[in-house]
Amino acid sequence: MRQVDITIESWPLSNSFNISRGSKLTAEVIRVDITEDGLTGRGECVPYQRYGESLSSVSAQIDQISSDIQSGITSSDLHSLLPAGAARNAVDCALWDLECKIASISAWEKAGLKPQPRLLSAFTISLDQPEEMALKASQAKDFPLLKLKLGADDGLDEDRILRVRHTCRDKRLIIDANEGWQSKSLEAMLDICEKANIELV
């Protein structure tokens, strides 16, 4: 029989992580380990209060189906047991990881895909005052792709974009406004993004 372990972990961040909806100093995650025949599949999730989730509610959701996991459900069985959300994500990732390890194949092989090239990941610049964001962007020397967190209700997003672009002329920039931009100002903000050579909003 499989063993299921649910662990709540708190990881301190090197700096405050700020988006349009708030700030945090730690990353709170739930890790799920599913062990079978000496092999362990691992998955994790971040509960989002915005969607009515908490560490305790998501842990309880996972715990409620622990007997199903122990009895040998597969990742394809999971969709009928849990709604979309953090709990299902963690268990799904753990099951995929375990199933791949048991079969000695990669995740892309299990998904029926061709070998995938390495993909470039963006380094996130947390929402802050324009000059601070420009400074942090300039310090991210080893990262060619930067994601700017924007969307504060202070009218400074244009300045943030332009200062970062002026500081990092050779960087690729994308923007995540975290639902903070309103329809009345969207067209103007997109014009600014075009002038600053922003690749994605």
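Note that the structure is a prediction, hence the values are computed from the model and not measured.

Structural notes on helix H6 (residues 157–167)
Because an α-helix completes one turn every 3.6 residues, residues spaced three or four positions apart along the sequence face the same direction.
Reasoning step 1: Among the residues making up H6, those that are buried are Asp157, Arg160, Ile161, Val164 and Arg165. Considered in projection along H6, the buried side chains sweep an arc of 120 degrees and stay on one side of the axis.
Reasoning step 2: On its buried side, H6 packs onto helix H5 (130–139), strand E5 (145–149), strand E6 (172–176), helix H7 (183–195) and strand E7 (198–200).

What about unusual backbone geometry?
Reasoning step 1: Even without being glycine, Asp37 reaches a positive phi, approximately 50 degrees.
Reasoning step 2: With respect to the secondary-structure elements, Asp37 resides in the loop between strand E2 (22–36) and strand E3 (39–45).
Reasoning step 3: Not every positive phi belongs to a glycine, and Ser104 is a case in point at roughly 55 degrees.
Reasoning step 4: Mapped onto the elements, Ser104 comes out in the loop between helix H3 (86–103) and helix H4 (107–110).
Reasoning step 5: Of the residues examined, Ser104 reaches a relative accessible area of 66% and is grouped as exposed.

Section: the packing of helix H1 (residues 55–64) against H3
Reasoning step 1: Orientation of H1 relative to H3, taken along the N-to-C sense of each, is 50 degrees, at an axis distance of 8 Å. Between H1 and H3, the angle falls in the class oblique. In terms of crossing hand, the pair formed by H1 and H3 is right-handed. Touching Val58, Gln61 and Ile62 of H1 are Ala86, Ala87, Ala90 and Val91, all from H3.
Reasoning step 2: Of the residues assigned to the contact of H1 with H3, the class counts are 6 nonpolar, 1 polar and no charged.

Thoughts on the sheet that holds E5
Remark on secondary structure: sheet strands pair via backbone hydrogen bonds, oriented parallel or antiparallel.
Reasoning step 1: On the basis of which strands lie adjacent, the open sheet formed by 4 strands has the order E4-E5-E6-E7 and parallel pairing. The sheet is open, and its two edges are formed by strand E4 (123–125) and E7, each paired on a single side. Ignoring strand direction, the axes of neighbouring strands in this sheet form an average angle of 40 degrees.
Reasoning step 2: Pairing geometry for E6 and E7, over 2 bridges, is parallel. Residue pairing across strands places Ile174 opposite Leu200, the latter belonging to E7.

What counts and what doesn't
Residues numbered from 1 in each chain as written. Predicted model: local features only at pLDDT ≥ 70, side-chain atom pairs only at ≥ 80, totals over all residues. Heavy atoms only, no water. Buried < 20%, exposed > 50% of the residue type's maximum accessible area, 1.4 Å probe, protein only. Helix = DSSP H or I, 4+ residues; strand = E, 2+ residues; numbered from the N terminus. Arc of directions from axis to C-beta. Contact = heavy atoms within 4.5 Å. Axes fitted to C-alpha atoms, helices over the stretch in contact; angles between N-to-C directions. Parallel < 35°, antiparallel > 145°, perpendicular 65-115°, else oblique. Left-handed = near helix turned anticlockwise from the far one by under 90°. Nonpolar A, V, L, I, M, F, W, Y, C, P; charged D, E, K, R; others polar. Pairing = 2+ DSSP bridges.

These values are about where atoms sit, not about what they do.
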